[in-house]
Amino acid sequence: MTSLSPAQQRDITYQLHPYTNAVKHSQIGPRIIERGEGIYVFDDQGKQYIEGMAGLWSVAVGFNEQRLVDAAQRQMQKLPFYHTFTHKTHTPSIELAERLVQCTNGQMSTAFFTNSGSEANDTVIKMVWYYNNALNRPEKKKIIARNRGYHGVTVASASLTGLAPNHRGFDLPLPAMKHTTCPHYYREGRPGETEEDFATRMASDLEALILREGPETVAAFIGEPVMGAGGVIMPPNTYWDKIQAVCRKYDMLIIADEVITGFGRLGTLFGSEKYRIQPDIMVLSKQITSSYLPLAAVLLNDKVNAVITRQSGELGTFGHGYTASGHPVATAVAIENLNIIQEKGLVDNAASTGQVLQTALRALADHPLVGEVRGTGLIAAVELVADKGSRRPFDPLGSVGAAVYERAHEHGLLVRGIQDSIAFCPPLIITESQVHDMVDRFATTLDEVHKTL
Ligand SMILES: Cc1ncc(COP(=O)(O)O)c(C=O)c1O
C-alpha cells in the first residue's frame, strides 16, 4: 500500500485492533472490507476475495444471507431486547435452547447463553468450580488444556489457551490452568512411532500431569475436537478414546470446545459425534449465528446441570450472567441460521465438498514447500517447511507463512497463516468449483512465494 486513504488514516488514529501489531498497523494501514456476497468479500477498492477462512472460522451460510437479515429485523421490531435474569425469558431463547439440546440427541440437557466463545469458556471454568464446591471438594479446581489449544482471551479462557502470544505480557496463565502435550503427530511423533502409539503416549502424558498435580486437585480437561487456531491439528487415531478414559479414571469433567467444529464444519453436526467424545460440557459459538450477531452457548449434561441447579437453590442464586445472555435478536438469528444449515444440507456439503478440498490440497503434497497437508471436512491446513525430508521449519518461524498470507491477497484469496501453516476454513456453502478456484489461487501463490526464497 502506497498512500493511505482518509478512512485508513482515521482507523489508525482511532482504533486499537485485536490481534494486530499496532506499530506496523500505523505504517501499512488496514484493508477495508466493504461488503460480502456468498463466499466472497469485497474491499473498498472493489477487489473481490474468496473468504477462505469464513471470516474467523465462522460464517457458515455466506456473507449475504437475506433470511438472517429478515429474522433479525422481525425480532428487532417485536422485542429488540429483553433479558433472561431473575425468572424472565423470551421465545427465541427458549426455542434455541431446546433446539440445541435436541441437536445433541439427549447427551446434553440444558443451555446457558453468552456473547462470545471466550465468555462461554470463562463461564465453563466458573461452572466447574461451582460444581466442585457444591460436591464439597473445594481443592478439585485445576483444568487441563493443551499446548496450542485455543479457548479465548478473557483472563481465565486465555489461561486455557496454550499459545504464547496470549500469555506474553499479560501475566498469564493463571496457576489453576495446566497444559499437556499438543497431539500433533507430524511434529511431536517420534521416529518409528505409529499414530496409535503416539495417541497412547499423549494419554500417558496427560495421566503423568494429573499425577504430578494430584488427581484430587484436577477438575476437568478441555479440548477442541480438532484444534483450530493453533494450526488445524488433527487428533491422532484413537486419541479421544484414550484421553477420555484417563479423564474418567480421575473423575474429571470433559469439556468439548466446539466453537469452530460445531454445526457441520467437520462434515458431522458436531466434532464430538465424529470422534465419539462424550462431553459433560459443550461450548458452541461462531457458526451458531454464522457470526452475523455475537452469541455462544454452554451446554451441560444432566450430571453437571443437576449439581449446579441444586447449588443455586442452596446459595439462593446462580450468581452469573450477562446483560445479553440469550439476546432475543441473536437467538432469533441463530434459529434461522440453523434452519438454513438444515434445509440446505450444509453438514453433508461440508462432508462431500470437504472431501474435494482435502483431495485438492493433498495434490500439493509434492510441492517443495509443503511438509504436511491435514484436515477433515471443510477445515484444513498446509504446513510449509524449509526441508521436506527433515521437516525442518523456516527460520524465523512464520516468515514464509506471513509471505503466503500477504501474497494471497493479490490473487483474491483470504487465508490464515499460523506460523508456517496456511489454514483453510471456507463457508459451508462453498461449491466444488469454488473449492478448485480457491486451491488454484493458493497453488499460484505458493509457486510465487517459492520463487522469492
Ligand atoms: C475453539 C475456540 N474457542 C473459543 C474461542 C473464543 O471465541 P471468541 O473469539 O468468540 O471469544 C475461539 C475463537 O476463535 C475458538 O476457536
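Structure: above.
Residues numbered from 1 in each chain as written. Predicted model: local features only at pLDDT ≥ 70, side-chain atom pairs only at ≥ 80, totals over all residues. Heavy atoms only, no water.

Q: Can you walk me through the packing of aromatic side chains in this structure?
A: Counted according to the given criterion, the structure contains eight aromatic pairs. Taking the centre distance of 5.0 Å and the plane angle of 80° together, the rings of Phe424 and Phe442 count as edge-to-face. Of this pair, Phe424 sits in strand 15 (residues 421-424) while Phe442 is found in helix 16 (residues 432-452), placing the two residues 18 residues apart along the sequence. Phe442 shares its class with Phe424; the two are buried. (Phe/Tyr/Trp six-rings, centres within 6.5 Å; stacked < 30°, edge-to-face > 60°. Helix = DSSP H or I, 4+ residues; strand = E, 2+ residues; numbered from the N terminus. Buried < 20%, exposed > 50% of the residue type's maximum accessible area, 1.4 Å probe, protein only.)

Q: Just checking my understanding: could you explain helix 14 (residues 346-362) for this structure?
A: Residue pairs spaced three or four apart in an α-helix point in one direction, given the helix's 3.6 residues per turn. Helix length check: helix 14, at 17 residues, gives a terminal C-alpha distance of 23 Å against a target of 24 Å (1.5 Å per residue), a fit within 8%. Maximum bend of helix 14: about 25°, positioned at Gly354. Turning to helix 14, its buried residues are Leu346, Val347, Asn349, Ala350, Thr353, Gly354, Val356, Leu357, Gln358, Ala360 and Leu361. Those residues of helix 14 that are buried are in contact with helix 13 (328-343), strand 11 (370-376), strand 12 (379-384), strand 15 and helix 16. (Expected span 1.5 Å × (residues − 1). Bend = angle between axes of the 7 residues up to and from the residue. Contact = heavy atoms within 4.5 Å.)

Q: Sorry if this is basic, but what is going on with helix 9 (residues 195-213) here?
A: Between its first and last C-alpha, helix 9 extends 27 Å over 19 residues, near the 27 Å set by a 1.5 Å rise per residue. Listed as buried for helix 9 are Phe198, Ala199, Arg201, Met202, Ala203, Leu206, Leu209 and Ile210. Residues of helix 9 that are buried in the fold lie against strand 5 (142-146), strand 6 (177-180), helix 8 (185-188), strand 7 (218-223) and helix 10 (239-249). Two residues or fewer after helix 9 comes Gly214, characterised by a positive phi angle close to 100°.

Q: Explain the packing of helix 15 (residues 399-410) against helix 16 here, please?
A: Each pair of packed helices can be summarised by the angle the axes make with each other and by the distance between the axes. Relative to each other, helix 15 and helix 16 sit at 125°, their axes nearing to 9 Å. It follows that helix 15 is oblique to helix 16 by the angle criterion. You can see that helix 15 and helix 16 cross each other, and the crossing is right-handed. Residues Val400, Ala403, Val404, Arg407 and Ala408 of helix 15 form the contact with helix 16, whose participating residues are Phe442, Thr445, Leu446, Glu448 and Val449. Among the residues forming the contact of helix 15 with helix 16, the class breakdown is seven nonpolar, one polar and two charged. (Axes fitted to C-alpha atoms, helices over the stretch in contact; angles between N-to-C directions. Parallel < 35°, antiparallel > 145°, perpendicular 65-115°, else oblique. Left-handed = near helix turned anticlockwise from the far one by under 90°. Nonpolar A, V, L, I, M, F, W, Y, C, P; charged D, E, K, R; others polar.)

Q: Mind showing me how you'd approach the sheet that holds strand 11 here?
A: Sheet strands pair by backbone hydrogen bonding; their relative direction is either parallel or antiparallel. Reading across the sheet, the four strands line up as 11-12-15-14 and stay open at both edges, with antiparallel pairing between neighbours. Where the open sheet ends on each side, the last strands, each with one partner, are strand 11 and strand 14 (416-418). Looking at each pair of strands side by side, their axes are set apart by 20° on average, direction ignored. As judged from the three bridges shared by strand 14 and strand 15, these two strands associate in the antiparallel manner. Bridging across to strand 15, Ile418 finds its partner in Ser421. Strand contacts of helix 15: strand 12, strand 14 and strand 15, with the helix running at about 180° to strand 14, the strand carrying the most contacts. Packed on one face of the sheet, helix 16 meets strand 11, strand 12 and strand 15 and runs near 165° to strand 15. (Pairing = 2+ DSSP bridges.)

Q: How should I be thinking about the pairing of strand 10 (residues 296-300) in this particular structure?
A: Regular strands have side chains that alternate between both faces of the sheet. Buried residues dominate strand 10, accounting for five of its five residues. When strand 4 (residues 110-114) meets strand 10, the two strands line up antiparallel, connected through five bridges. The residue of strand 10 that forms the bridge with Thr110 is Leu300. Here strand 9 (residues 281-284) runs beside strand 10; their pairing, made up of four bridges, is antiparallel. Each residue of the ladder has a partner; that of Leu284, found in strand 10, is Ala297.

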